[in-house]
Structures are given as C-alpha cells and as structure tokens.
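Residue-level listing of the chains:
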Amino acid sequence: MSSRLTLCRNAALLCSYAYNPTIRPTGVCHAVGESASCTTVREGDVLAMVVDTPTRIYVVFRGTWLQDRNSARRNFRAHLTAEDFYRVHEGFADGLREVWSDLLQVIRGKLKAKSRPVVIAGHSQGGALAEIAAVRLLNDTLDQQFLQLSEPPRLPDVQGAIFPDALITFGAPRAGDWTYSTCVRQLAQSSCFVARFTNVNDCIPFVPPWSWGYQHGSPEWFLPGGQPRMWVAPGFVVRTLHNLWNRIRTQRLHDSLHGHRASTYAAKLQALPQLRGT
C-alpha cells in the first residue's frame, strides 16, 4: 500500500475527528489506529489539533463550526486582504492569525522533543486555513524571490524553521489570489507532498468565485461517484457533468452539500485502492 495513501487516509480520519465536540485541550487520540497525544489550540470558533504520533506530527484545522455563528460568518468575509506579497481571504487570514502564535509554540515543542515530518491538513474552511498556514511557513524562511525561480526552490536548513512535509486538504474553498496560488504551486514543486481532494456533489471548492480574483493553487484530486477511484484534474466541464449525473442517479437533486462532510471524505479515502499519479 502506498505510504502516501496511508498519509491521506490518516489526514481524512483526523479531519473528521476534529469535529468531535468532546475534544479536550490535551488528551489521547486513537483516530489513526495508534495511540497519539493530541493538543488543541482554540481561539473563538477556530480550532487546530496537533496530533503527535511516533512517526509524524499532524496539524489539523477544523472546518466551519455550525454551533458558532461567527464561524459561518467568517466564510462570508471574502475580501482579499494583503498577506506579505500575496492576498488571501480576509476571514480565513484573521482566523489563522488568532491561533498562529500558540500553534507554532506547540509544534516547536513537539519537534524539540523529537524531530519528525509535519503534515498539515484541514477540511472545508479548515482546508483553507491549512493551505494558508503551509504557505506562510514556507515564506517565513524563504525570500519571496523563490516565486521567480524556474527550478523548484531548495529548502535551506534554517534553525527553528518548520517546513511542512505534506499539505492535504478536503473540500477546501479557494483561499487567495493568483500570486498566492503560485506560492501553493511552488510548495508542491518543492519537497512538500500536496493533495487537494474534492468530492462529487461538493460545492464548497467552487467558492469564492474566480470573478472575485480567487484561484486554487494545486491540482484537484476528484473523488467521483460509484466505484472507489480518483480523477486527477478532471476539468470544470467533466466534473460538472459528472456531479449532475450523480445527483440524478442517487436522486439527490437538491443536496449540494451531501458530498462535503468530512466523514464522507474519510470513508472514501478508506475505500480508495490507490492514488493515481503518485
């Protein structure tokens, strides 16, 4: 079995687990089949989990928390705001800023105890936060000129730097402008494994719209209906037609969010036999 597939499965399980209302500030997490310590960083409606396993550290951002109206409102603060030399979704940027300092402190503490690869993941709004966080971690150390390089950037050995080993998102909305999307593409061309999963009948990856200046930065890994499989970058027309066909076939004509649940992504990843193109 592909180690990357296992990585994606674990990330999906943890993203689903992040919605558990009984999560404590510190505790034990068994979601990935092995005992792991879990530390949560929470500020208002934003929650990030740092799951410490023997082989990896998972940093997982929870998506929209419907029990908190501020979480839903954050999605609609879609003005593009400056973040260094690129622009990102104002609501998402503010959410990440609220937990950033404490989150870095927890991650660095885990790495100081034992150096391991760091995997950043998130579902829905949490996927956007995860993506912005991964780009910020890279940009905190590299000069912005890395965007102009024709070759993938080489990651320097900088004391105290945190480089993500993987960025895995599920049903994430668009999070930034064209320059930001270039950062994500450069991240994918470096040593970081980047996977952006979308699911049939999931409308969230379509927003905010292109006409507002937003772009996705990494190729789409689409999970269609029917047998467990994956399509790499199927394109807008193919995906839209398949979504329509699947709604008719399953008689879910009006349920646009049916495929958006974190638990649905987790179940599909568990059934997926392999990752195409890896």
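Please refer to the structure higher up on the page.
For every chain, the first residue of the written sequence is number 1, and numbering continues from 1 onward in sequence order. The model is predicted, so local features are restricted to residues of pLDDT at least 70 and side-chain atom pairs to those at 80 or more, both for listing and for counting; the totals for chains, interfaces and linings are taken over all residues. Side-chain measures were taken over the full set of non-hydrogen atoms in the model, leaving aside hydrogen atoms and water.

It is worth spelling out the environment of Pro-54 at this point. Elements are defined by DSSP. Helices are runs of H or I of four residues or more, strands are runs of E of two residues or more, and each kind is numbered from the N terminus. By secondary structure assignment, the location of Pro-54 is in the loop between β3 (46–52) and β4 (57–61). Taking the C-alpha atoms as reference, Pro-54 lies 8.9 Å from Ser-35; in sequence the two are 19 residues apart.

Let us look at the pattern of salt bridges. Whenever Lys or Arg places a side-chain nitrogen within 4 Å of a carboxyl oxygen from Asp or Glu, that contact is recorded as a salt bridge. By the definition in use, this model includes nine salt bridges. Asp-52 serves as the salt-bridge partner of Lys-110, at 3.9 Å between the closest nitrogen and oxygen. Of this pair, Lys-110 sits in helix α3 (residues 90–113) while Asp-52 sits in strand β3, placing them 58 residues apart in sequence. Both residues of the pair, Lys-110 and Asp-52, count as buried. Arg-97 serves as the salt-bridge partner of Glu-83, at 4.0 Å between the closest nitrogen and oxygen. Remark: Arg-97 occurs in helix α3 and Glu-83 occurs in strand β5 (residues 80–83); sequence separation between them is 14 residues. We call a residue buried when its accessible area falls under 20% of the maximum for its residue type, exposed when it is over 50%, and partly exposed in between, using a 1.4 Å probe and counting protein chains only. Overall, the relative accessible area of 45% leaves Arg-97 in the partly exposed class. By sharing partners, the salt bridges in this structure join Arg-77, Glu-83, Asp-94, Arg-97 and Arg-136 into a single network.

Structural measurements only, silent on function.
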